Amino acid sequence: MRKKQKQNHNKFKWFARVLSIALILSSGAMAYQAYRLQILPDVLLYLCLIILALIVLIILLIFNFKVKRTLTKVLSSALVIICVAALSIGSLYFTETQTFLQTVTDSSRRVKNEVSMITLKDSDLEKERDLDGKKIGYLKNIDSYGTKKARQDLKAKNISYKGKKYTSVQAEVKALYDKEVDAIILNESYRANVEDLKDYTKFSKETKIIATVTYYTKDSNEADSVSDITSKPFTILISGNDTYGDIGEVSRSDVNMLVTVNPTTNRVLLTSLPRDYYVEVKCSDGACQDGSLDKLTHTGIHGVNTTKETIENLLGIDINYTFRVNFSSLEEIVDALGGIDIYVKKGMAVDTFYADSTLKGVHEGWNHLNGERALAYARERHAYEDGDVQRVKNQQQVLEAIVDKAISSKALTNYQDLLKAFSNAFDTNMSTQEITALIKYQLQSSPDWKFENFVLKGESAEKYSAELGDYASVVVPDDAYVTAARKKIKAILKGKKASSVKVGKSKIHEYENDTSEETQTETSTDTSQQDTTNDSSATYDTSTTYDTSQSAAYDTSQTYTAPTYDTSQYSTDYAVTDQSVYAQ
């Protein structure tokens with residue numbers, strides 16, 4: 001009997017040693033990953049590591065030297081196994097967080113471009129080889145690099161064809177429908193532009209792709225980093241692509257929002273620009289038609305750097321960082337957060353979303369939205385009298401709700417799904433170190449962020465779009481709003497309230513008395529204040545002159561000259577002159 005007890009004791013000793021080694025390894029891995037990530041404040045990190053080491057040491061001493069009875073052996077073994085499992089899971093979470101940060105901040109990321117060879121749905125052409133001896137239409141000056149890649153592909157495969165050049169996307173697509181050509185070469189980033197045209201809203205259903213050429217370009221978007229992101233103010237451009245799927249694909253920039261953050265005053269200004277803003281396009285890398293006039297949304301076709309440089313030129317500001325997201329991103333993030341809460345003011349209810357008629361709309365008061373409904377709400381414009389202006393306000397609201405939920409303790413309950421959603425959701429030129437520094441600042445200081453909002457406005461018009469090669473419906477910027485946006489951003493950077501800047505008298509009569517874009521009510525990230533921060537009785541800035549008492553807060557050495565929107569420079573013949581074919 002004694003011999004058997006001794007054998008059992010020896011077996012337990014070996015079992016205890018194995019568990020002890022597992023406990024030491026798992027706790028060591030946990031400590032290493034926590035230190036490597038640098039996401040916790042230093043004092044808290046070192047305190048947690050010391051506490052962890054003491055707990056592990058105490059457990060090991062008791063487990064190996066104090067446990068004698070069978071019951072205590074079972075209970076202590078179970079405790080050690082639970083600790084090993086918990087530490088392993090914690091280490092896994094830290095590892096996944098590190099991988100996520102490296103993924104979204106990967107500076108070597110390339111931009112995916114797809115150029116398709118498209119025919120009509122009822123065409124006999126089924127594959128690329130069938131194009132041999134056929135007529136193929138392509139754009140003369142627009143997307144010349146993508147067109148060149150597609151033509152080189154045909155040449156490499158010894159496919160001969162008769163090419164026909166067109167000066168506009170409209171004319172090229174019309175030629176395909178009129179059967180002047182058998183197929184056309186079109187960059188997939190222009191597909192949405194085609195479907196915006198009145199006569200071609202069903203372009204995707206009425207045509208088919210018989211070949212695709214994929215090529216990659218280097219993302220030349222570099223950050224203008226601040227010296228200390230936890231104390232120095234900075235501005236981020238959020239560019240929302242109008243596509244689903246791979247975030248690396250180029251597409252139109254449907255959402256253009258500036259987020260100006262001052263960590264010292266805890267103030268955040270959200271400045272939104274309408275997607276159809278008619279602006280002078282700028283790109284230092286030669287990717288676009290530099291100096292041409294076009295819709296802001298079209299700059300996204302050439303990458304987020306073109307959008308950034310164009311907005312910098314328009315507003316006379318510097319943008320430090322960029323975040324790029326798409327439709328899939330928003331749905332995944334909101335669902336991973338367990339939905340978001342949106343407050344709809346009186347008179348702004350929507351029974352059915354025009355953006356997606358299969359979804360339930362929103363009612364006055366608080367609404368809990370899942371990913372699909374949040375996206376539809378952010379995209380909706382047809383249901384509102386203000387159209388695109390209200391849409392960008394909705395987008396600001398959705399962003400604030402996401403931030404509120406993401407920095408709350410509730411986000412930890414679905415941490416892995418949230419990380420997965422964010423990993424596929426966006427890319428940024430902000431470094432891993434800067435992101436971890438911001439997270440550490442949030443955990444250490446728990447700042448009470450105050451949000452302010454501003455929406456730029458303008459006048460609807462028909463102007464020449466360089467990217468389309470035709471006239472299109474645009475929004476001509478109102479200089480008063482452009483100037484106010486620049487000064488509001490600088491006010492936040494200098495530690496002032498954005499609301500201290502007033503919008504000057506507009507040159508556009510329909511906006512002279514419209515003050516709905518400048519809410520004085522500040523939005524706190526403290527969810528306990530929700531019943532007041534979205535109060536529909538919020539007051540608005542009704543002044544039409546600048547507050548000269550704040551003039552010292554601005555850099556008057558910089559002058560801003562609004563772009564001259566002279567379309568006479570585009571004296572070219574258009575294949576279609578009937579303006580009724582363009583979407584209003």
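Below, the structure is looked at part by part. Only a predicted model underlies this, so the values are computations on that prediction, with no experimental measurement involved.

Here is what the cut-offs are and how they apply
- Residues numbered from 1 in each chain as written.
- Predicted model: local features only at pLDDT ≥ 70, side-chain atom pairs only at ≥ 80, totals over all residues.
- Heavy atoms only, no water.
- Helix = DSSP H or I, 4+ residues; strand = E, 2+ residues; numbered from the N terminus.
- Buried < 20%, exposed > 50% of the residue type's maximum accessible area, 1.4 Å probe, protein only.
- Contact = heavy atoms within 4.5 Å.
- Areas by Shrake-Rupley, 256 points an atom, 1.4 Å probe, with all protein chains shown as cover.
- Pairing = 2+ DSSP bridges.
- Core = buried A, V, L, I, M, F, W, Y, C linked by side-chain atoms within 4.5 Å.
- Axes fitted to C-alpha atoms, helices over the stretch in contact; angles between N-to-C directions.
- Phe/Tyr/Trp six-rings, centres within 6.5 Å; stacked < 30°, edge-to-face > 60°.
- Lys NZ or Arg CZ within 6 Å of the ring centre and 35° of its normal.
- Salt bridge = Lys/Arg side-chain N within 4 Å of Asp/Glu carboxyl O.
- Patch = residues over 30% accessible without salt bridge, like charges linked within 9 Å, V, L, I, M, F, W, Y side chains within 5 Å.

Digging into the overall build of the chain
Helix and strand counts for the chain come out as 15 helices and 20 strands. Counting every position in the chain, which comprises 584 residues, the buried fraction comes to 51%. When contacts within the chain are restricted to residue pairs at least 6 apart in sequence, long-range pairs at least 24 apart make up 74% of them. Element-wise, carbon and sulfur atoms account for 52% of the exposed surface of the chain, whose accessible area totals about 28,100 Å².

What to know about the pairing of strand E1 (residues 110-120)
Within E1, 9 of the 11 residues are buried, which leaves it mostly tucked inside the rest of the structure. Pairing between E1 and strand E5 (residues 207-218): 11 bridges, direction antiparallel. Residue pairing across strands places valine 115 opposite valine 213, the latter belonging to E5. Where E1 and strand E4 (residues 183-187) come together, 4 bridges link them in antiparallel fashion. When the sheet's bridge partners are listed, serine 116 is paired in E4 with leucine 186.

Digging into the nonpolar core
If you look at soluble globular proteins, the nonpolar side chains tend to sit buried side by side. Ile340 and Tyr377 are the most contacted members of the largest nonpolar core, which has 54 residues in total. Sequence-distant contacts of isoleucine 340, defined by excluding residues within four places in its chain, comprise Val334, Asn367, His368, Leu369, Ala374, Val398, Ala401 and Ile402. By size, the runner-up hydrophobic cluster in this structure holds 25 residues, among which are Leu273, Ile317, Ile319 and Ala498.

Some points on the sheet that holds E1
Pairing within the open sheet is mixed, and its 5 strands lie in the order E3-E2-E4-E1-E5. On the outer flanks of this sheet lie strand E3 (162-166) and E5, each paired with one strand and no other. Each neighbouring strand pair of the sheet contributes to a mean axis angle of 25°, computed without reference to strand direction. Sitting on the sheet, helix H4 (residues 144-156) touches E1, strand E2 (135-139), E4 and E5, and the angle it makes with E5 is about 115°. Contacts from helix H5 (residues 169-177) reach E1, E2, E3, E4 and E5, with the element oriented near 150° to E4.

Re unusual backbone geometry
Note: most residues except glycine have negative phi, and most peptide bonds are trans. Not every positive phi belongs to a glycine, and lysine 179 is a case in point at roughly 65°. Examined against the element boundaries, lysine 179 turns out to sit in the loop between H5 and E4. With a phi angle near 45°, serine 446 is a residue other than glycine that sits in the positive phi range. When you line up the elements, serine 446 lands in the loop between helix H13 (432-445) and strand E17 (450-455).

Describing the packing of aromatic side chains
One pass over the structure, following the stated rule, counts 7 aromatic pairs. Residues tyrosine 441 and tryptophan 449 carry aromatic rings whose centres are separated by 6.3 Å and whose planes lie at 65° to one another, so their mutual orientation is edge-to-face. You'll find tyrosine 441 and tryptophan 449 in the same group, each marked buried. Taking NZ or CZ as reference, arginine 17 lies 4.9 Å from the ring centre of tryptophan 14, over its face.

Digging into the pattern of salt bridges
Inspection of every chain in the model, using the stated rule, returns 18 salt bridges. The salt bridge partner of aspartate 130 is lysine 127, with a shortest N-O separation of 3.5 Å. Judged by relative accessible area, aspartate 130 falls into the partly exposed class, the value being 22%. Among the residues examined, lysine 127 registers a relative accessible area of 48% and is labelled partly exposed. As a salt-bridge pair, glutamate 280 and lysine 282 come within 3.4 Å of each other at their nearest N and O atoms.

Points about a nonpolar patch on the surface
Residues Ile50, Leu54, Ile58 and Ile62 make up a contiguous nonpolar surface patch of roughly 380 Å² in combined accessible area. Mapping isoleucine 58 onto the fold places it in helix H2 (residues 42-66). Accessibility expressed as a relative area gives 48% for isoleucine 58, which makes it partly exposed.

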